[in-house]
Amino acid sequence: MIRIGVLALQGAVREHISSLEACGVEAVAIKRKEELNEVDGLILPGGESTAMRRLIDKYDFMDALKDFARVGKPMFGTCAGLILLAKELEGYREPHIGVMDIKVERNSFGRQVDSFEADLAIKDVADSFPAVFIRAPHIVEAGENVEILSKHNDRIVAAREGQFLGCSFHPELTDNHGLTAYFVEMVKEAKATNLV
Amino acid sequence: MITGTDLVKRGMAEMQKGGVIMDVVNAEQAKIAEEAGAVAVMALERVPSDIRAAGGVARMADPRIVEAVMGAVTIPVMAKGRIGHIVEARILEAMGVDYIDESEVLTPADEEYHLNKREYTVPFVCGCRDLGEAARRIGEGASMLRTKGEPGTGNIVEAVRHIRKVNAQVRKVVAMNEDELMTEAKLLGAPYEILLEIKRLGKLPVVNFAAGGVATPADAALMMQLGADGVFVGSGIFKSENPAKFARAIVEATTHFQDYKLIAELSKDLGTPMKGIEISSLAPEARMQDRGW
């Protein structure tokens, strides 16, 4: 049985936990860095990236998150979580966790009145996936080892680089657990590989 | 691709959960709030305690203030319009404000009808004192709720009353048989369909924040413990002695609302919080929570 954590400093934590449980795995809300040792994979949820960053720094989470990535455990960032994962942020000098080889622009679709729903084709997940974009970021540039999973109007909105998965939208807000299930498979594979 | 759907409007509030939304009156305060870890700011001309002190008619803020705040921060910006004031709401929507608070803190423009919030692309947050009021606002299209509390008093007692009441009534609806719900809808003055949705979900269909009297980190943690999804802090922060420190402490107490040692630590040396008002000393016409229905 694998256990997957959801960083629970702020944001849509409950929805990710329900989605993981719907995929048949144990889900844990992570509020303290020590709790990261107890999980095989981690979801960085949607929320406000600036607020999460402030709490990450305050509770000394940053090194623990970088270590989590270093040992090869899978991480999945949605919206604000994608911003936390990116190695480069448009208009900012420093990234947050900075582990996924992508450049991300914040609020790149506009303000809340421009937030939207769209059906997306996501490689290896679905031909038509209901995606909810809320003041969403997008991936401006992706490194050579990054696999682009989905685009919306020519903008990259979902991608994978090895152990890292990221998307601009909020799979946790709908009943379609396809993308969560894809991440659960990543975690199972990573755990099986480490056991061998 | 469609904008302004329930999922998009309610989803925006879901992303604010576990966070603190702070009242600000200028760009400088907005930056302090963002730096402290606020998930959004509410742009106002005056904070509620000053509105109380000033008296007269309180209206939507000068668009220049809202604009300045929107230009100063990257987190969402909310703004207040008067209850039932269609044009103030449309102006704020046209300016690109991320969320509108149809608020009893301002003087109501309409004493009979709230806004038909379903017609707007921008989402709305509304105040409530009980489930009937909460369900009526959801019925009109509110995408987020907050307790009314008693704004600008620094006294948490009314917010506690409101969150307890709403949550107790939600529990009752969830536990009821479906064939009892129509009578409950009649008694509460609530739309039947919304009660059905609450029963099906086992909770309110939109997030419910605490507001109206949060003055200390312990107040914020109390509201979280009583089941609030997050906290609005109005006059509490910028009426305190050291706003930046106070704001950070409220954010941390909201995240770690059950870590009492931590809340003890971050409550130290905060300086004087805002001076509170005893609710019973308020004249009936000074009670903001009784505005709207």
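Residues numbered from 1 in each chain as written. Chains lettered and ligands numbered in written order. Predicted model: local features only at pLDDT ≥ 70, side-chain atom pairs only at ≥ 80, totals over all residues. Heavy atoms only, no water.

**Observations concerning the overall build of chain A**
Okay, so step 1: Along its length, chain A carries five helices and twelve strands.
Okay, so step 2: Taking the principal axes of its C-alpha atoms as reference, chain A extends roughly 40 × 35 × 35 Å.
Okay, so step 3: Taken across its 196 residues, chain A has 59% of its residues classed as buried.
Okay, so step 4: Across chain A, contacts joining residues at least 24 apart in sequence account for 64% of those joining residues at least 6 apart.
Okay, so step 5: Within chain A, the 31 negative side-chain charges are centred at a point lying 6 Å from the centre of the 23 positive side-chain charges. (Helix = DSSP H or I, 4+ residues; strand = E, 2+ residues; numbered from the N terminus. Buried < 20%, exposed > 50% of the residue type's maximum accessible area, 1.4 Å probe, protein only. Contact = heavy atoms within 4.5 Å. Lys, Arg positive; Asp, Glu negative; His and termini not counted. Charge placed at Lys NZ, Arg CZ, Asp CG, Glu CD.)

**Let's talk about the interface of chain A and chain B**
Okay, so step 1: If you look at the interface, chain A gives 37 residues, while chain B gives 44 residues.
Okay, so step 2: Between chain A and chain B, a total of about 3,200 Å² is buried, with carbon and sulfur atoms accounting for 56% of that surface.
Okay, so step 3: On inspection of chain A and its partner chain B, the count reaches seven salt bridges.
Okay, so step 4: Put simply, A:Arg135 and B:Asp98 hold a salt bridge, and the shortest N to O gap is 3.1 Å.
Okay, so step 5: The interface formed by chain A and chain B contains 20 residue pairs in polar contact (both at pLDDT 80 or more).
Okay, so step 6: The set of elements that each furnish at least two residues to the side of chain A that touches chain B consists of α1 (13-22), α2 (49-58) and β7 (116-122) of chain A.
Okay, so step 7: Residues that form the side of chain A that touches chain B fall into these classes: twelve nonpolar, twelve polar and 13 charged.
Okay, so step 8: As judged from the two bridges shared by β7(A) and strand β1 (residues 2-3) of chain B, these two strands associate in the antiparallel manner. When the bridges of β1(B) are listed, A:Glu117 appears paired with B:Ile2. (Buried area = accessible area lost by both parts, 1.4 Å probe. Salt bridge = Lys/Arg side-chain N within 4 Å of Asp/Glu carboxyl O. Polar contact = N/O pair within 3.5 Å; in protein donor to acceptor, adjacent residues only side chain to side chain. Nonpolar A, V, L, I, M, F, W, Y, C, P; charged D, E, K, R; others polar. Pairing = 2+ DSSP bridges.)

**Quick notes on the sheet that holds strand β6 (residues 124-128) of chain B**
All names here are of chain B.
Okay, so step 1: The sheet built from eight strands is open, its strands ordered β8-β7-β6-β5-β4-β3-β2-β9 with parallel pairing. Here the strands that pair on one side only, and so sit at the sheet edges, are β8 (207-209) and β9 (231-233). Sheet twist, expressed as the average angle between the axes of neighbouring strands with direction ignored, equals 30 degrees.
Okay, so step 2: Sitting on the sheet, helix α5 (residues 86-94) touches β4 (77-82), β5 (99-103) and β6, and the angle it makes with β4 is about 160 degrees. (Axes fitted to C-alpha atoms, helices over the stretch in contact; angles between N-to-C directions.)

**Considerations on a nonpolar patch on the surface**
Okay, so step 1: Residues B:Ile86, B:Val87 and B:Ile91 make up a contiguous nonpolar surface patch of roughly 260 Å² in combined accessible area.
Okay, so step 2: Examined against the element boundaries, B:Ile86 turns out to sit in helix α5. (Patch = residues over 30% accessible without salt bridge, like charges linked within 9 Å, V, L, I, M, F, W, Y side chains within 5 Å. Areas by Shrake-Rupley, 256 points an atom, 1.4 Å probe, with all protein chains shown as cover.)

**Some details on helix α6 (residues 131-140) of chain B**
Residue and element names in this part refer to chain B.
Okay, so step 1: By the criterion of burial, α6 is predominantly enclosed, with nine of the ten residues buried.
Okay, so step 2: Within α6, burial applies to Leu 131, Gly 132, Glu 133, Ala 134, Ala 135, Arg 136, Arg 137, Ile 138 and Glu 140.
Okay, so step 3: Of the surrounding secondary structure, the elements contacted by the buried residues of α6 are α1 (6-14), β6, β7 (144-147), α7 (157-175), α8 (181-188) and α9 (192-201).
Okay, so step 4: Measuring from the backbone nitrogen of Gly 132 back to the side-chain oxygen at the start of α6 gives 3.1 Å, which picks out Asp 130 as the cap.
Okay, so step 5: Just past α6, the residue Gly 141 takes up positive phi, approximately 115 degrees.

**Description of the nonpolar core**
Okay, so step 1: Grouped together as the largest cluster of nonpolar side chains are 91 residues, with contacts concentrated most on A:Phe61, A:Met75, B:Met22 and B:Met223.
Okay, so step 2: The biggest single contributor to this core is helix α12 (residues 243-255) of chain B, with six residues.
Okay, so step 3: The contact partners of A:Met75, leaving out residues within four places of it in the chain, are A:Leu42, A:Leu44, A:Leu65, A:Phe68, A:Ala69, A:Leu85, A:Ile97, A:Gln163, A:Phe164, A:Leu165 and A:Phe183.
Okay, so step 4: One finds A:Ala8, A:Val25, A:Ala136 and A:Tyr182 within the second-largest nonpolar core, a separate group that totals 32 residues. (Core = buried A, V, L, I, M, F, W, Y, C linked by side-chain atoms within 4.5 Å.)

**Topic: the side chain of A:Lys103**
Okay, so step 1: By secondary structure assignment, the location of A:Lys103 is in strand β6 (residues 100-105).
Okay, so step 2: Beyond its immediate stretch of four places on either side in the chain, A:Lys103 contacts A:Glu88, A:Glu90, A:His138, A:Ile139, A:Val140 and A:Glu141.

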